[in-house]
Amino acid sequence: MRKIPQHLSIISLGTNDLDAIRSFYAGWGWTEADGSQATWCAFDVGGTLLSFYSMEHLAEEASALPRPVTNWGGYTLALNLPSEEALAEVLEIALAAGARLTAEPQRRAWGGTSAYISDPDGNCWELATGGPNPTA
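Residues numbered from 1 in each chain as written. Predicted model: local features only at pLDDT ≥ 70, side-chain atom pairs only at ≥ 80, totals over all residues. Heavy atoms only, no water.

Trainee: Any chance you could explain the side chain of Thr76 here in plain terms?
Mentor: Counting through the fold element by element, Thr76 comes out in strand E4 (residues 75-81). Judged by its relative accessible area of 0%, Thr76 falls in the buried class. When sequence neighbours within four positions are dropped, the list of residues in contact with Thr76 reads Ile10, Ile11, Ser12, Leu58, Ala62, Tyr116 and Cys124. (Helix = DSSP H or I, 4+ residues; strand = E, 2+ residues; numbered from the N terminus. Buried < 20%, exposed > 50% of the residue type's maximum accessible area, 1.4 Å probe, protein only. Contact = heavy atoms within 4.5 Å.)

Trainee: What is the right way to read the sheet that holds strand E2 (residues 40-44) from this model?
Mentor: To summarise the sheet geometry, strands pair through backbone hydrogen bonds and adopt either a parallel or an antiparallel arrangement. Ordered in space as E2-E3-E1-E4-E7-E6-E5, the 7 strands form an open sheet in which the pairing is mixed. Each of the sheet's edge strands pairs with one partner strand only, and the pair in question is E2 and strand E5 (100-107). Strand-to-strand twist in this sheet, taken as the mean axis angle between neighbours without regard to direction, amounts to 20 degrees. Relative to E4, strand E1 (residues 10-15) runs antiparallel, the two sharing 4 bridges. Considered in E4, the bridge of Ser12 is made with Thr76. On top of the sheet, helix H3 (residues 84-96) reaches E4, E5, strand E6 (113-118) and strand E7 (124-129); it is set at about 10 degrees to E6, its chief contact. (Pairing = 2+ DSSP bridges. Axes fitted to C-alpha atoms, helices over the stretch in contact; angles between N-to-C directions.)

Trainee: How should a nonpolar patch on the surface be read in this particular structure?
Mentor: A contiguous nonpolar surface patch, about 390 Å² in accessible area, is contributed by Phe24, Trp28, Trp30 and Val45. The residue Trp30 is located in the loop between helix H1 (18-27) and E2 in this model. (Patch = residues over 30% accessible without salt bridge, like charges linked within 9 Å, V, L, I, M, F, W, Y side chains within 5 Å. Areas by Shrake-Rupley, 256 points an atom, 1.4 Å probe, with all protein chains shown as cover. Salt bridge = Lys/Arg side-chain N within 4 Å of Asp/Glu carboxyl O.)

What follows is the structure, given as structure tokens:
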């Protein structure tokens, strides 16, 4: 039986002040994960990445729907997959289970491919290949 892998790769949170977030977690003694950039940062929290993007950037990438940012929670859960074929299969399973497609699969500026879906409560999931922490 086909199934979606049961794990979290990345928790992405929208922020209004990326510099403040960087300073805050540096104050905890946390080190940024490899690959952090000027537009986002991430911290390894035991095999899962906790990442932060500007609220605008994350909303733009995660939703192809014309809706105000105020109607979006400002976070995504991510499942990284080993290939575009695996992404397509997982997307098919998720849609069959009732997920709503919010952004078609597409190549992203960071080098991978991702699609976004939401669950029945509106929680936003990114299905991605080529990003940090790819597992299946």
